[in-house]
Amino acid sequence: YNWQKPDAEKLTNQALRSISYIDKSTHDLFIFVNEDATPERQTYRLLFEVGSAFIFLSNGGNRPVVYTRANKHFANRFASAFLLPEDVVRTTILQLNIKPGDWNMEMLCRIKRRFGISAECFLFRLSELNLIDDTKIDELKEEINAYYQSNNGNEPDPTPRSLEKNARFEELKF
């Protein structure tokens, strides 16, 4: 994250997940996300960058954000809390009567679709809210990563369906 406008080379880098900056003259925040990413990841990265902007502004907006472990953790927590508010997640899990040891990949995917987020993001939030056992976290993290690697980064989804753009993402873009 920086206050300087990113150059064209950075913006066309396929490995870039997202980048943002604040225009000092207008104080506008600009966020760019990789258009090749899944809608779930685009939404998450958009909010990750908003979290980064908070860090930048809390530093007085005079120096770039260095992605320390703490800064990345804050930006990740901001994105996941925004997309998955604690009360909504807890209510959903309670209504479905899911216990911390009950989680499996099919269940995780079915519920993550409700929120329009990635399996990885949902697992992170379940862990953060202590709604899943540590052993299940490790099992599912392995399964999710294996799926991403063998399916070109696409989301695991046990039920075939057509993926529509997340309406929340479209609202947040402007």
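Residues numbered from 1 in each chain as written. Predicted model: local features only at pLDDT ≥ 70, side-chain atom pairs only at ≥ 80, totals over all residues. Heavy atoms only, no water.

A word on the pattern of salt bridges
- Under the definition given, this model contains nine salt bridges.
- Ionic pairing is found between E106 and R110, a salt bridge with its closest N-O pair at 2.6 Å. With a gap of four residues between them, E106 and R110 both fall in helix 5 (residues 105-115), about one helical turn apart.
- Overall, E106 belongs to the partly exposed group, its relative accessible area being 41%.
- You can call R110 partly exposed: its relative accessible area is 46%. (Salt bridge = Lys/Arg side-chain N within 4 Å of Asp/Glu carboxyl O. Helix = DSSP H or I, 4+ residues; strand = E, 2+ residues; numbered from the N terminus. Buried < 20%, exposed > 50% of the residue type's maximum accessible area, 1.4 Å probe, protein only.)

Things to note about the packing of helix 5 against helix 6 (residues 119-128)
- Orientation of helix 5 relative to helix 6, taken along the N-to-C sense of each, is 95°, at an axis distance of 9 Å. Taken together, the axes of helix 5 and helix 6 are roughly perpendicular relative to one another. For the pair helix 5 and helix 6, the contacting residues are L108, I111, K112 and F115 in the first and A119, F122, L123 and L126 in the second.
- Of the residues that constitute the contact of helix 5 with helix 6, the class distribution is seven nonpolar, no polar and one charged. (Axes fitted to C-alpha atoms, helices over the stretch in contact; angles between N-to-C directions. Parallel < 35°, antiparallel > 145°, perpendicular 65-115°, else oblique. Contact = heavy atoms within 4.5 Å. Nonpolar A, V, L, I, M, F, W, Y, C, P; charged D, E, K, R; others polar.)

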